[in-house]
Amino acid sequence: MAPGLVETAIEVTQVATKDLKATVKPTGNIHNYVPGRTTVKKHDETYKYEDLRPRFPDITWPALTPVEYNDKGLLGDANFKNLISAATDVFDYNPKVGTEIHGVDLANLTDLQKNDLARLIATRGVVFFRDQKNFGVDEQRALGKYFGELHSHATTAMPRREGLEDVHVVYTGEDSPDLRALFTPTFLWHSDVTYEEQPPSYTSLKVLSGPPRGGGGDTLWSSQYAAYDMLSPYMQKYLESLTAIHSADLQAQGTRELGRTVRREPVTTAHPLVRTHPVTGWKSLFFNPGFVTKIVGVPKTESDAIIALLNEIVATSPEVQVRFQWNEGDVAFWDNRVCNHSASYGFAPHRRHAVRVCCRAERPYLDPESKSQEDDLSARYGIPKANKDGSGIVNYND
Ligand code: SIN
């Protein structure tokens, strides 16, 4: 038996009576539950998403040029009424980040609903939709294009089908090696392509094929609004004065070492370490454990210390994070400006196949007059703010 493969057999006991239904009584483990083991789906040449499997073509593209970006979230209703009125259920995962909506078909939204969706993603960081049967890759691209010009990745896989060069393919096959030990867990946290001058905003990821429930492969998001709010007012002010270097060099180098083509020359860009979101008006950290190599204008020891502090906040603070367990057909839609994310390993030997579409957004900027999420929610709803002055009696761990 292949590792992880579970034979499905229900034990039955025969009892001699006339009624057959009453005679067959399940005994023992009727749920076929085996701790740490899930049934592995066999995929053959009739795989439904063969055209969306990965390829790495030997092609090159010119450097990106500036693009106008008008955030559709600015047109959204303040209470998201067009979107929420169509939903059968909506709930937050926690007060800071993550919302799940049921009963909404992403393939059939009106423009008013799309604007509300953008505004909701900007507000909540990431929004989840279950079982989006109608939302194929063409619909996914069409919705992405409504939000802005689609970004084409310079190194990662694109689908086999021609004409989908702006779709990023996530693919782990049944025989793929588990590479997690090559990276620190903090490094695996990232936001996408922040080395670009206009890094993406609204980003959708649809899982086409993945481990069954309990098989692993969850994705986690970490809010940069909430990360900013974890800092003292002194540190917030200090970081607001700094810029960070985001570099594509390592990604390009890894691609070349694998013998693949880097389709666009890698770029290195300085961005503010704290930015303002044009829709919510909230400040957020703009830090990326995966691509930030240096804080500008400070000694290396200090730069390393800031990077280590921010890595820790992003990667290890449960209350700024949300974790999503996927089913096939589910879609996560996040705002890449204000969230880092990390996939999780440990789901072998299941196939995990997903497609991602994102659009290029504004060049990051900081409006010093903008406020934080926590300040805004506290003023609006009287939510108590964290005590950050270090006072208080510590008696936590049990
Ligand atoms: C990504 O890093 O964009 C994909 C995340 C995932 O595979 O869950």
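Every chain begins its residue count from 1, and numbering advances along the sequence as written. Local features in this predicted model are restricted to residues whose pLDDT is 70 or higher, and side-chain atom pairs enter the listing and the counts only when it is 80 or higher, whereas totals over whole chains, interfaces and linings include all residues. Hydrogens and water are ignored here; the side-chain numbers use all heavy atoms of the structure.

Peer 1: I keep staring at the nonpolar core and nothing clicks. Help me out?
Peer 2: Generally speaking, a soluble globular protein has its nonpolar side chains buried in company with each other. Residues belong to one nonpolar core when they are buried, are Ala, Val, Leu, Ile, Met, Phe, Trp, Tyr or Cys, and are joined through side-chain atoms within 4.5 Å. Note on classification: 1.4 Å probe, protein chains only; a residue is buried when its accessible area is under 20% of the maximum for its type, exposed when over 50%, partly exposed between these limits. One finds Leu106, Leu117, Phe129, Phe147, Tyr202 and Phe333 to be the most contacted residues of the largest nonpolar core, which totals 37 residues. Mapped by element, the contributors of at least two residues to this core are α3 (111–124), β6 (126–129), α4 (137–147), β9 (200–209), β17 (331–335) and β19 (352–360). No other element matches α3, which puts five residues into this core. With sequence-adjacent residues up to four places away left out, Phe147 is seen in contact with Tyr69, Asn70, Lys72, Lys114, Leu117, Ala118, Tyr202, Phe333 and Cys359. Within the second largest apolar cluster, 21 residues are counted, among which are Trp189, Leu220, Leu239 and Ala244. Numbering of helices and strands runs from the N terminus; a helix is a DSSP stretch of H or I covering at least four residues, while a strand is a stretch of E covering at least two. Any pair of residues with heavy atoms lying within 4.5 Å of one another is described as a contacting pair.

Peer 1: What should I look at first to understand the sheet that holds strand β12 (residues 268–272) in this one?
Peer 2: The pairing of strands in a sheet comes from backbone hydrogen bonds and takes either a parallel or an antiparallel form. Across the sheet, which stays open at both edges, the three strands sit in the order β12-β11-β15 with antiparallel pairing between neighbours. Each edge of the open sheet is held by one strand with a lone partner, namely β12 and β15 (292–295). With strand direction ignored, the average angle separating the axes of adjacent strands in the sheet is 30°. Each pair of strands is called paired provided DSSP finds at least two bridges between the two strands. In this analysis an axis means a line fitted to C-alpha atoms, helices contributing only their contacting stretch, and an angle means the value between N-to-C directions, from 0 to 180 degrees.

Peer 1: In this structure, what is going on with the pattern of salt bridges? I would like to understand it.
Peer 2: It is possible for side chains of opposite charge to pair when their charged atoms get near one another. Any Lys or Arg side-chain nitrogen located within 4 Å of an Asp or Glu carboxyl oxygen qualifies as a salt bridge. Applying the stated criterion to the full structure yields 32 salt bridges. Across the pair Arg275 and Glu362 runs a salt bridge, and its minimum N-O distance is 3.0 Å. Here Arg275 is found in strand β13 (residues 274–276), whereas its partner Glu362 is found in the loop between β19 and β20 (371–372), with 87 residues between them in sequence. Residue Arg380 is joined to Asp376 by a salt bridge in which the shortest nitrogen-to-oxygen separation is 2.8 Å. In this pair, Arg380 and Asp376 are both assigned in helix α10 (residues 373–381), four residues apart and thus about one turn of the helix distant. Residue Arg380 is classed as exposed on the basis of its relative accessible area, which comes to 53%. Taken together, the salt bridges that share partners define one network made up of Asp71, Arg275, Asp335, Arg337 and Glu362.

Peer 1: Help me out: how do you make sense of the pairing of strand β5 (residues 99–102) in this one?
Peer 2: Every other side chain in a regular strand lies on the same face of the sheet, so the side chains alternate between the two faces. Direction of pairing for strand β4 (residues 89–92) relative to β5: antiparallel, over a ladder of four bridges. Directly across from Val90, in β5, lies its bridge partner Ile101. The hairpin formed by β4 and β5 contains six residues between the paired strands, and Gly98 there has a positive phi angle of roughly 95°. Pairing of β5 with β6, which is carried by three bridges, proceeds in the parallel orientation. Paired with Ile101 across the bridge in β6 is Phe129. Look down the strands so they point away from you; if going from the first strand over the helix to the second traces a clockwise path, that crossover is right-handed. Running through α3, the crossover from β5 to the neighbouring parallel element β6 is right-handed.

Peer 1: Where do I start with the UniProt feature "domain: TauD/TfdA-like" (unreviewed entry) in the protein in this structure?
Peer 2: The feature "domain: TauD/TfdA-like" (unreviewed entry), as annotated in UniProt, sits at residues 91–357 in this numbering. Helix makes up 26% of residues 91–357 and strand 27%, and the two end C-alpha atoms of the span are 24 Å apart. UniProt positions are given in the numbering used here, feature names are shortened, and annotations may be inferred rather than shown by experiment.

Peer 1: Would you take a moment to explain empty space enclosed by the protein for this structure?
Peer 2: Using a 1 Å grid laid over the protein atoms alone, points where a 1.4 Å probe fits but cannot get out form a cavity; open sets with protein on both sides within 12 Å along at least 5 of 7 lines form a pocket; any residue with an atom within 4 Å of a point counts as lining. Grid points are joined across faces, edges and corners, and a volume is the space filled by probe spheres set on the points. Evaluation of the coordinates by the stated rule reveals three cavities of 30 Å³ or more. The space that makes up the largest cavity amounts to roughly 100 Å³. Taken together, 16 residues form the lining of the largest cavity, with Pro211, Gly216, Gly217, Asp218 and Trp326 sitting closest to its centre.

Peer 1: Can you help me understand the packing of aromatic side chains in this one?
Peer 2: Two aromatic rings are characterised by how far apart their centres lie and by the angle between their planes. Two rings from Phe, Tyr or Trp (for Trp, the six-membered ring) form a pair when their centres are within 6.5 Å of each other. A pair whose planes differ by under 30 degrees is stacked, one over 60 is edge-to-face, and the rest are tilted. Per the stated rule, a full pass over the model turns up 14 aromatic pairs. Where Tyr93 meets Phe128, the ring centres are 5.1 Å apart and the plane angle is 55°; that geometry is what we call tilted. Remark: Phe128 occurs in strand β6 and Tyr93 occurs in the loop between β4 and β5; sequence separation between them is 35 residues. Residues Phe147 and Tyr202 carry aromatic rings whose centres are separated by 5.1 Å and whose planes lie at 50° to one another, so their mutual orientation is tilted. Linking Phe147 in helix α4 with Tyr202 in strand β9, this pair joins segments that are 55 residues apart in sequence.

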